Amino acid sequence: MFQEAHLDHVQLPMPPGGAERARSFYARVLGLRELDSPFPADGPRVLRFVLEGTTLDLSEGPYTGVAPQAHLALQLRDVPAVVERLRAAGRPVDAWTLDETGRAVTEDPFGNRLELISPPAEPALYRKDHHVTQLRISV
């Protein structure tokens, strides 16, 4: 009945002519590696960036805006360094710490919301010293 599913790719919209702004943001500010596009050159522009185990595709087309709660969450090795690059590039960024895990929220040049998350040093569920009395709950 149920089958295992894996994420194949993520696609976000970008308006026509947005490729250079997308490259500047995703490659230069976030530090993602761009791949050659497998799509025909005479079709709509699609930029492809590497995500571990999948890709992020930015596709040109009619742009209708983004739902405020919709977002892409990226786990990055050095969120504080990315936050510095975001600020230096004049990008909006809301950075905070949540249970010692650095997180930040920003937008790409087209208004797509991105959450940036630092990987935990050790997953809390698998720590040997993890006890119920050590849980912290924030409301």
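Each value, and the rule that gives it
- Per-chain numbering applies: the sequence of each chain, read as written, is numbered from 1 onward.
- For a predicted model such as this one, the threshold for reporting local features is a pLDDT of at least 70, and the threshold for listing and counting side-chain atom pairs is 80 or more; totals across whole chains, interfaces and linings nevertheless cover every residue.
- Excluding hydrogens and water, the side-chain values take into account all heavy atoms of the structure.
- Helical segments are the DSSP runs of H or I of at least four residues, strand segments are the runs of E of at least two, and each set is numbered from the N terminus.
- Only protein chains enter the accessibility calculation, which uses a 1.4 Å probe; a residue whose area is less than 20% of its type maximum is buried, one above 50% is exposed, and one in between is partly exposed.
- The contact definition used throughout considers only heavy atoms, calling two residues in contact when any of these lie within 4.5 Å.
- Throughout, an axis means a line fitted to C-alpha atoms (over the contacting stretch in the case of helices), and angles, computed between N-to-C directions, take values from 0 to 180 degrees.
- Whether a crossing is left-handed or right-handed is set by the direction in which the near helix is turned from the far one by less than a right angle, anticlockwise for left-handed and clockwise for right-handed.
- By the convention adopted, Pro, Cys, Tyr, Trp, Phe, Met, Ile, Leu, Val and Ala count as nonpolar, Lys, Arg, Asp and Glu as charged, and the other residues, Gly among them, as polar.
- Any two strands with at least two DSSP-identified bridges between them are counted as paired.

### Notes on the overall build of the protein chain
(1) Moving on: Tallying secondary structure elements over the protein chain gives two helices and eight strands in all.
(2) Moving on: Each helix and strand of the protein chain, placed in order from N terminus to C terminus, yields the pattern β-α-β-β-β-β-α-β-β-β.
(3) Moving on: Sorting the 139 residues of the protein chain into buried and exposed places 33% on the buried side.
(4) Moving on: Once local pairs closer than 6 in sequence are excluded, the contacts in the protein chain between residues at least 24 apart make up 56%.

### Concerning the packing of helix α1 (residues 19–29) against helix α2 (residues 79–88)
Describing two packed helices takes the angle between their axes plus the distance from one axis to the other.
(1) Moving on: Packing of α1 against α2 brings their axes to within 10 Å, and their N-to-C directions diverge by 145°. Our pair here, α1 against α2, has a crossing hand that is right-handed. Contact residues: Phe25, Arg28 and Val29 in α1; Val82, Arg85 and Leu86 in α2.
(2) Moving on: Class assignment of the residues belonging to the contact of α1 with α2 gives a composition of four nonpolar, no polar and two charged.

### Details of α1
(1) Moving on: Every buried residue belonging to α1 is among Ala19, Ala22, Arg23, Phe25, Tyr26 and Val29, and all of these are buried.
(2) Moving on: After α1 finishes, the residue Gly31 shows a positive phi value of roughly 85°.

### Brief notes about the pairing of strand β5 (residues 72–75)
(1) Moving on: A one-sided burial pattern is seen for β5, the buried positions being Leu72 and Leu74 and the unburied ones Ala73 and Gln75.
(2) Moving on: Looking at chain direction, β5 and strand β8 (residues 113–117) are connected through four bridges and run parallel. Considered in β8, the bridge of Leu72 is made with Leu114.

### A short note on the sheet that holds strand β1 (residues 9–14)
(1) Moving on: Pairing is mixed across the open sheet formed by four strands, whose spatial order is β1-β4-β3-β2. Edge positions in the open sheet fall to β1 and β2 (34–35), since each of these has one partner strand only.
(2) Moving on: Looking at chain direction, β2 and strand β3 (residues 46–51) are connected through two bridges and run antiparallel. Looking at the pairing, Glu34 lines up with Phe49 of β3.
(3) Moving on: The strands touched by α1 within the sheet are β1, β2, β3 and β4 (54–60), with β3 carrying the most contacts at an inclination of about 10°.

### So, the side chain of Ser59
(1) Moving on: Following the sequence through the fold, Ser59 ends up in strand β4.
(2) Moving on: A residue is classified by how much of its surface remains accessible, and Ser59, at 16% relative accessible area, is buried.
(3) Moving on: With sequence-adjacent residues up to four places away left out, Ser59 is seen in contact with Gln11, Leu12, Pro13, Met14, Arg45 and Val46.

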